[in-house]
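Topology and contacts: notes
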Amino acid sequence: HHGIPSIFLELDMPDDDQGGRAGRIVEAGAGLAMKPFETEKLVAALAAMADPKRRAAMSKAAQKLVPVNGAAVAADSIVRWVRAGKGRQRPASTR
């Protein structure tokens, strides 16, 4: 939702799908990814990011990929729930 183009350096993490996330972002045109890390690849990615037109296109693609701030939506829902008095009720399983 912020539309910030990114360069993803994929790490081998057994419980994390970094490659999957990076792949979706690259496929959408919202960022670049590399695995394994290589200095030449990083230099090329930084050069690509230096191009204002390319950065603008990536930013637009990133905004389309995540158009809404899910954290803000969740926080608003919790605040409404608490204000409605639902936060004072114990779940039936604990009564």
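Residues numbered from 1 in each chain as written. Predicted model: local features only at pLDDT ≥ 70, side-chain atom pairs only at ≥ 80, totals over all residues. Heavy atoms only, no water.

1. Topic: the overall build of the chain
Heads up, the rule is: Here a strand is any run of E in DSSP of at least two residues, a helix any run of H or I of at least four, and the numbering for each starts at the N terminus. Throughout this description, buried means an accessible area under 20% of the type-specific maximum (1.4 Å probe, protein chains only), exposed means over 50%, and partly exposed covers the range between. Any two residues whose heavy atoms approach within 4.5 Å are treated as being in contact.
The secondary structure content of the chain amounts to 4 helices and 2 strands. For the chain, the α and β elements follow one another from N to C terminus as β-α-β-α-α-α. For the chain, with 95 residues in total, the buried portion stands at 19%. Sequence separation of 24 or more characterises 62% of the internal contacts of the chain that already satisfy a separation of 6 or more.

2. Digging into helix H4 (residues 70-83)
Applicable threshold: The span you would expect from a helix comes to 1.5 Å times its residue count less one. Any pair of nitrogen or oxygen atoms within 3.5 Å is treated as a polar contact; in protein, a donor-acceptor pairing is required on top of that, and neighbouring residues in sequence qualify only through side-chain atoms on both sides.
The terminal C-alpha atoms of H4 lie 20 Å apart, and with 14 residues this matches the ideal 20 Å at 1.5 Å per residue to within 8%. For H4, the N-terminal capping position is held by Asn 69, with its side-chain oxygen 3.0 Å away from the main-chain nitrogen of Ala 71. Two residues or fewer past H4, Gly 85 is found with a positive phi of approximately 85°.

3. Let's talk about helix H2 (residues 39-49)
Count 3.6 residues to each turn of an α-helix, and residues three or four apart come out pointing the same way. Applied cut-off: To be clear, the arc concerns the directions from the helix axis to the C-beta atoms.
If you check which residues of H2 are buried, you get Ala 45, Ala 48 and Met 49. Buried residues in H2, looked at end-on, bunch into an arc of 100°, giving them a common side. More than 90 degrees from the buried face of H2, the exposed residues found are Glu 40 and Val 43.

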